[in-house]
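Chain by chain, the residues run as shown.
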Amino acid sequence: MEITLFSQTTFFLLSILLGAALSLLFDVIRVVNAVLKDNLRRVFFEDIFYFIISAVVTFIYILIVNMGEIRIYIIVGEIIGWVLYRFTIGNFIFKIVLIVVNFMIKWLKKINKFLISKLPKERIKKLKKRIDSFNLKLKNKCKLKFKGYLKTNKKNKKPKINKRLNVKLNKKYIEKL
């Protein structure tokens, strides 16, 4: 296949569009980070995910357009597209999308609050009591089962492990009791 100046120009302009699309994907990740609380671990994995997706998309683009031959004008076109989008309409779109997402979150909270307010209050109180009583019973059962494994030595007042049950417990945990 012969590479003409027209095809190179077309591939360059398409790579500029690809760079802008990758920048748009980055804005989506920025919106997610702005809405959710910053968590360095999550941000790290999101960045790794973004770079992997960008590399795969660029590789596929080069395979399709240029039969796998890496040309510098394709990479430069992607960088130019990314930077142009980012510093022209990228910030504007990011702010608009962030406003829309925050608006939707506020309305979803209001709808949730409205739906919960329509539930009978007696049912909510009964449900809370059931959950609390279940949690209390579960805690008491765990304490009773654990206390059955220990015997106390009257002289030292330290719990001894019941040898009959053959249970080994962590020394720090026994000292806390």
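All values reported here derive from a predicted model rather than from experimental measurement.

What about the overall build of the protein?
So, step 1. The helix and strand tally for the protein stands at 5 helices and 2 strands.
So, step 2. Taken from N to C terminus, the helices and strands of the protein fall in the order α-α-α-α-β-β-α.
So, step 3. Across the 177 residues that make up the protein, the buried fraction comes to 21%.
So, step 4. Counting contacts in the protein only where the partners sit at least 6 residues apart, residues at least 24 apart contribute 60% of the total.
So, step 5. With the model as given, the accessible surface of the protein reaches about 15100 Å², and the carbon-plus-sulfur share is 68%.

Some thoughts on the packing of helix α1 (residues 5–35) against helix α2 (residues 40–66)
So, step 1. Two numbers describe how α1 lies on α2: the axes approach to 11 Å, and their chain directions differ by 165°. In this view, α1 runs roughly antiparallel relative to α2, as classed from their interaxial angle. In this structure, α1 meets α2 at a crossing whose hand is right-handed. Between α1 and α2, the residues in contact are Phe11, Leu14, Ser15, Leu18, Leu22, Ser23, Leu25, Phe26, Ile29, Val32 and Asn33 and Arg42, Val43, Glu46, Tyr50, Ile53, Ser54, Val57, Thr58, Tyr61, Val65 and Asn66, respectively.
So, step 2. Per-class residue counts for the contact of α1 with α2 are 14 nonpolar, 6 polar and 2 charged.

What to know about the packing of aromatic side chains
The description of an aromatic ring pair rests on the distance of the ring centres and on the angle between the ring planes.
So, step 1. For the structure shown, the criterion picks out 5 aromatic pairs.
So, step 2. Geometrically, the ring pair formed by phenylalanine 44 and phenylalanine 45 is edge-to-face, given 5.3 Å between the ring centres and 70° between the ring planes.
So, step 3. Given the relative accessible area of 48%, phenylalanine 44 is considered partly exposed.
So, step 4. The exposure class assigned to phenylalanine 45 is exposed, which follows from its relative accessible area of 52%.
So, step 5. Relative to tryptophan 107, the ring of phenylalanine 103 has its centre 6.1 Å away and its plane inclined at 65°; by these criteria the two rings are edge-to-face. In this pair, phenylalanine 103 and tryptophan 107 are both assigned in helix α3 (residues 72–118), 4 residues apart and thus about one turn of the helix distant.
So, step 6. The partly exposed category is assigned to tryptophan 107, whose relative accessible area is 43%.
So, step 7. Taken together, the aromatic side chains of Phe26, Tyr50, Phe51 and Trp82 make up a single cluster linked through ring pairs.
So, step 8. Above the face of the phenylalanine 94 ring, arginine 30 is positioned so that its terminal group lies 3.8 Å from the ring centre.
So, step 9. Seen from the ring of tryptophan 107, lysine 110 lies directly overhead, with NZ or CZ sitting 5.1 Å from the centre.

Let's talk about α2
So, step 1. Across its 27 residues, α2 extends 38 Å between first and last C-alpha, which sits within 8% of the 39 Å expected from 1.5 Å per residue.
So, step 2. Positive backbone phi, approximately 55°, marks methionine 67, located one or two places after α2.

A few points about the pattern of salt bridges
So, step 1. Here the structure, examined in full by the defined rule, presents 4 salt bridges.
So, step 2. Aspartate 27 is paired through a salt bridge with arginine 30; the nearest N and O atoms lie 3.1 Å apart. Residue aspartate 27 and its partner arginine 30 are both found in helix α1; the two are separated by 3 residues, about one turn of the helix.
So, step 3. Overall, the relative accessible area of 3% leaves aspartate 27 in the buried class.
So, step 4. Between glutamate 69 and arginine 71 there is a salt bridge, and its shortest N-O distance comes to 2.5 Å.
So, step 5. For glutamate 69, a relative accessible area of 37% corresponds to the partly exposed category.
So, step 6. Under the relative-accessibility criterion, arginine 71 is labelled partly exposed at 26%.
So, step 7. Taken together, the salt bridges that share partners define one network made up of Asp27, Arg30 and Arg86.

What counts and what doesn't
Residues numbered from 1 in each chain as written. Predicted model: local features only at pLDDT ≥ 70, side-chain atom pairs only at ≥ 80, totals over all residues. Heavy atoms only, no water. Helix = DSSP H or I, 4+ residues; strand = E, 2+ residues; numbered from the N terminus. Buried < 20%, exposed > 50% of the residue type's maximum accessible area, 1.4 Å probe, protein only. Contact = heavy atoms within 4.5 Å. Areas by Shrake-Rupley, 256 points an atom, 1.4 Å probe, with all protein chains shown as cover. Axes fitted to C-alpha atoms, helices over the stretch in contact; angles between N-to-C directions. Parallel < 35°, antiparallel > 145°, perpendicular 65-115°, else oblique. Left-handed = near helix turned anticlockwise from the far one by under 90°. Nonpolar A, V, L, I, M, F, W, Y, C, P; charged D, E, K, R; others polar. Phe/Tyr/Trp six-rings, centres within 6.5 Å; stacked < 30°, edge-to-face > 60°. Lys NZ or Arg CZ within 6 Å of the ring centre and 35° of its normal. Expected span 1.5 Å × (residues − 1). Salt bridge = Lys/Arg side-chain N within 4 Å of Asp/Glu carboxyl O.

By themselves, these figures tell us nothing about what the structure is for.
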